[in-house]
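Residue strings, one per chain:
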Amino acid sequence: MAQKTAPYGTWSSPITADALVQSSITLLDVLLDPVNRKFYHLESRPPEGGRVVIVETLAKKDVFGGGWDATTKVHEYGGGPAAVFDGTVYFSNKPDGRVYSVAAGAEPKAVTPGGQPYRYADFSVHPVHKHLVAAILEDHTIDESESVVNKLVVINAKTQSLTTIASGADFYAAPRFSPDGAHVAYQEWNHPDMPWQRSAVHVFAFSLEDDKIALKDDKRFAWDDREVSVGFPVWIDAENLVFLTDESGSVNPWTYSVSSKQAARLLASPLNEDFALPAFRLGWSPYAVLDAEKKTILFSALKGGRNVLYFFNPETKALVPVDSPFVEINAIRAVDAKTLVFEAKSTRAPSAIIKLTVTDTSTPHMTTTYEVLKSSMESLPFPDSIISQPESLTLGTESEPVYAILYLPTNPDYSGPSDPAEKPPCVVNAHGGPTSMVGQGLNWTKQYFTSRGWAWLDVDYGGSGGYDRKYIERLNGAWGVADITDIAGAAQALAAQGRIDGARTAMRGASAGGFATLAVLSHPTLQRAFAAGMSLYGISDLTRLAQAGTHKFQSRYMDRLVGGRVEQIPEVYAARSPINNVQNIRSPLLGTEDKVVPPEQAAVIEKKILEQGGHVEKIMLEGEGHGLVKAASIKLALESERGFYERVFHIGG
């Protein structure tokens, strides 16, 4: 069939909002039973209100029935809501916050006390005393950020009792028992730092005597003379622990010996690649031990904004690249010495649970085969030729590069517009965090636009994770300045190159990306880079946010980002708050029920824009939090965003 011509932005596409929400789930994590080697995955189901279900992957069987939801809100962002050991699954249940255990064919039963405002996450089951489960406990008895208490506890599943094994620090993460149960490792950090800024890992000897838990012989790993992050502890065997630290400037692996009490770099020399992203969520697993006896490890690292895999050879201390078609890899679990299961995306396939098998270890690049065990989208009849491929760009200057990813209009039914001089309208996306990054795996929201003749530009502005510590620190004291300069500059550079239509460029973002959108559109000069914008649960008033407070995990985040507390530099907070310069904002605002960005921020800025005669549209989505999980909300937000851009740019009529 001959290709058609039509103006950019007006192309017909089979990628509809209905098709995306009806056919999709979100794959969140992979669990491995270290005893029987069975593996499970967690999936969020939008048609069920975003309920998270644990599924035995190969059996394709839900672990529990309706009414149960394996979700935790520790740190508000959650993560690590479940663990499995010897056929028993432990999970945090969203409706009541309690932890439950469930075995095959049985109903879940509570293992933590009821009637308490507690949240639990990041579980580790003791390998000998299997009724003991280490966990992060977040106590909301006084539900204000400065009064929430975090500690590390051991749950006794037999008695529904709790024993505190670490307290006093502001935050804890990643409790991990050694394979013999004789030691426990965990991460901790304190305000005003985030875990990727300054943190420590502890290792204690663990014992149980007369039903009493005892910890002794604390070994602490930290660089107290400078800001260094230490985290992601994983035991190779009963003797050796691996952890990740950015002491070299990039997040690299180190190892610790229990007997010698010595720690050292795992690699022969540091590698200028990050082996993990900043940990906004608990339970992340960016690497796994393949063979404890041989001490071989499979690592995932970030290179050019994409995940790559490495096999660690302990004899040479070298990393051997592993062939993989995937660009986003998460939740790595080793089934045996040659088999791994993880959640991943390629640039042409959506998120899936993948089984990767190493077939040849003798080549310079280890060869593999892989099998898709579960796709997040089972039956979408979209042709492969409709998928726009990411193009990695390095913009900015040599001394201060800016990383971006461009997706051009792609649809096999269209050759382009009839006017060869026409350039595509463009959606410029700012990620959240702000210390996060944009993945390059297939994302159907982007394809929803590119298949209709839009370009899409993701900007990993200065401050983004995944590129090294120096790149993250570019945002220190410069939030609302460096990020928005990078984003606007990237859009202007692409327009100057003639790759996008600068007069039909919209900026959008969620949370911190929503703040960046509002900040750009209210800036006296940078707003010229965009003709419209959309802010999803974005921050409009830094002063109000700082004074009213956000959740505990991020309550001191702005100290570093803005350059001090609001009492110290009120004029900086005021100057960088979009609400104080709203005359050029033309963005619909998405208000949600949210403890990260209070929903009144959207209402206040909407009122001020209307008072000044500006153009603003608002979508209120009931029952949502920091992110959209319900099918109806996802559909409404996507269709409303596209419709807004089309009205502003006079596309299609």
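Everything that follows concerns the structure shown earlier in this document.
Criteria and thresholds
- Residues numbered from 1 in each chain as written.
- Predicted model: local features only at pLDDT ≥ 70, side-chain atom pairs only at ≥ 80, totals over all residues.
- Heavy atoms only, no water.
- Phe/Tyr/Trp six-rings, centres within 6.5 Å; stacked < 30°, edge-to-face > 60°.
- Helix = DSSP H or I, 4+ residues; strand = E, 2+ residues; numbered from the N terminus.
- Buried < 20%, exposed > 50% of the residue type's maximum accessible area, 1.4 Å probe, protein only.
- Lys NZ or Arg CZ within 6 Å of the ring centre and 35° of its normal.
- Pairing = 2+ DSSP bridges.
- Lys, Arg positive; Asp, Glu negative; His and termini not counted.
- Salt bridge = Lys/Arg side-chain N within 4 Å of Asp/Glu carboxyl O.
- Polar contact = N/O pair within 3.5 Å; in protein donor to acceptor, adjacent residues only side chain to side chain.
- Contact = heavy atoms within 4.5 Å.
- Patch = residues over 30% accessible without salt bridge, like charges linked within 9 Å, V, L, I, M, F, W, Y side chains within 5 Å.
- Areas by Shrake-Rupley, 256 points an atom, 1.4 Å probe, with all protein chains shown as cover.
- Charge placed at Lys NZ, Arg CZ, Asp CG, Glu CD.
- Core = buried A, V, L, I, M, F, W, Y, C linked by side-chain atoms within 4.5 Å.
- Axes fitted to C-alpha atoms, helices over the stretch in contact; angles between N-to-C directions.
- Parallel < 35°, antiparallel > 145°, perpendicular 65-115°, else oblique.
- Nonpolar A, V, L, I, M, F, W, Y, C, P; charged D, E, K, R; others polar.

A closer look at the packing of aromatic side chains
1) Next: Applying the stated criterion across every chain, the model contains 39 aromatic pairs.
2) Next: Taking the centre distance of 5.8 Å and the plane angle of 70° together, the rings of Tyr77 and Phe280 count as edge-to-face. In this pair, Tyr77 is assigned in the loop between strand 5 (61-62) and strand 6 (82-85) and Phe280 in the loop between strand 21 (262-265) and strand 22 (287-291), connecting sequence segments 203 residues apart. Taken individually, Tyr77 and Phe280 each receive the classification buried, so the pair is uniform in this respect.
3) Next: A connected cluster of aromatic rings, assembled from ring pairs, spans Tyr77, Phe171, Trp189, Trp196, Phe280, Phe553 and Tyr557.
4) Next: One cation-aromatic arrangement involves Arg452 over Tyr448; the distance from NZ or CZ to the ring centre is 4.1 Å.
5) Next: Over the face of the ring belonging to Phe171 we find Lys552, whose NZ or CZ atom lies 5.0 Å from the ring centre.

Some points on the sheet that holds strand 7 (residues 88-92)
1) Next: With antiparallel pairing, the 4 strands of this open sheet are ordered in space as 6-7-8-9. Taken across any chain shown, the strands that pair with only one partner, and hence form the sheet edges, are strand 6 and strand 9 (109-110).
2) Next: Inspection of the sheet shows strand 7 paired to strand 8 (residues 99-103) by 5 bridges, in the antiparallel sense. The residue bridging Ser92 from the neighbouring strand is Val99, located in strand 8.

Some details on the side chain of Asp33
1) Next: With respect to the helices, strands and loops of the structure, Asp33 is situated in the loop between strand 2 (26-32) and strand 3 (39-45).
2) Next: Buried and without a salt bridge, Asp33 has Arg37 as its closest oppositely charged side chain, separated by 7.0 Å.
3) Next: One polar contact links the side chain of Asp33 to the main-chain amide nitrogen of Asp86, over a distance of 2.9 Å.
4) Next: Apart from residues no more than four positions distant in its own chain, Asp33 is found in contact with Lys38, Val84, Phe85, Asp86 and Gly87.

Notes on a positive patch on the surface
1) Next: Taken together, the side chains of Lys73, Lys94, Arg281 and Lys630 define a basic patch exposed on the protein surface.
2) Next: When you line up the elements, Arg281 lands in the loop between strand 21 and strand 22.

Here's the deal with the nonpolar core
1) Next: Core analysis: the biggest nonpolar cluster contains 75 residues, and Leu457, Trp479, Ile487 and Phe530 have the highest contact counts within it.
2) Next: Look past the residues within four positions of Ile487 in its chain and what remains in contact with it is Val428, Ala430, Val459, Tyr461, Met507, Ala516 and Phe530.
3) Next: Ala17, Ala19, Met377 and Leu638 belong to the second largest nonpolar core, which has 30 residues in total.

Some words on helix 5 (residues 512-521)
Given 3.6 residues to a turn, an α-helix orients residues that are three or four positions apart in the same direction.
1) Next: The buried fraction of helix 5 amounts to 10 of the 10 residues, a majority that puts the element mostly inside the structure.
2) Next: For helix 5, every residue scored as buried is listed here: Ala512, Gly513, Gly514, Phe515, Ala516, Thr517, Leu518, Ala519, Val520 and Leu521.

Quick look at the pattern of salt bridges
1) Next: Per the stated rule, a full pass over the model turns up 35 salt bridges.
2) Next: In this structure, Asp246 and Arg469 form a salt bridge, with 2.7 Å as the shortest nitrogen-oxygen distance. In this pair, Asp246 is assigned in the loop between strand 19 (240-245) and strand 20 (252-257) and Arg469 in helix 3 (residues 469-473), connecting sequence segments 223 residues apart.
3) Next: Exposure remark for Asp246: the relative accessible area of 5% places this residue in the buried category.
4) Next: Through salt bridges with shared partners, one network takes in Asp193, Arg198, Glu227, Asp246, Arg469, Glu473 and Arg560.

Brief notes about the packing of helix 4 (residues 482-496) against helix 5
Helix-helix packing: each pair is described by the crossing angle between the helix axes and the interaxial distance.
1) Next: Where helix 4 contacts helix 5, the two axes come as close as 10 Å, and the packing angle between them is 75°. The angle between helix 4 and helix 5 falls in the class roughly perpendicular. Side by side, helix 4 and helix 5 meet where Asp483, Ile484 and Ile487 of the first sit next to Phe515, Ala516, Ala519 and Val520 of the second.
2) Next: Partitioned by chemical class, the residues of the contact of helix 4 with helix 5 number 6 nonpolar, no polar and 1 charged.

Describing the pairing of strand 27 (residues 339-345)
1) Next: Of all the 7 residues making up strand 27, 7 are buried; the element is thus mostly covered by neighbouring parts of the structure.
2) Next: Residues of strand 27 alternate between two faces, with Thr339, Val341, Glu343 and Lys345 on one and Leu340, Phe342 and Ala344 on the opposite face, all of them buried.
3) Next: Examined bridge by bridge, strand 26 (residues 328-336) and strand 27 share 6 bridges and lie antiparallel to one another. Following the sheet pairing, Glu328 is matched in strand 27 by Lys345.
4) Next: A loop of 2 residues connects strand 26 with strand 27, the two strands running antiparallel in sequence.
5) Next: Note: strand 27 against strand 28 (residues 352-360), 6 bridges, orientation antiparallel. Considered in strand 28, the bridge of Ala344 is made with Ala352.
6) Next: Counting the residues in the hairpin turn of strand 27 and strand 28 gives 6 residues.

Focus on the sheet that holds strand 3
1) Next: Across the sheet, which stays open at both edges, the 4 strands sit in the order 2-3-4-5 with antiparallel pairing between neighbours. Looking at strand neighbours, the two that pair on one side only are strand 2 and strand 5, the edges of this open sheet.
2) Next: Two strands pair when backbone bridges link them, and strand 4 (residues 51-56) and strand 5 are joined in this way by 2 bridges, in the antiparallel orientation. Residue pairing for strand 5: Val55 is matched across the bridge by Asp62.

Purely geometric stuff here, so don't read any function into it on its own.
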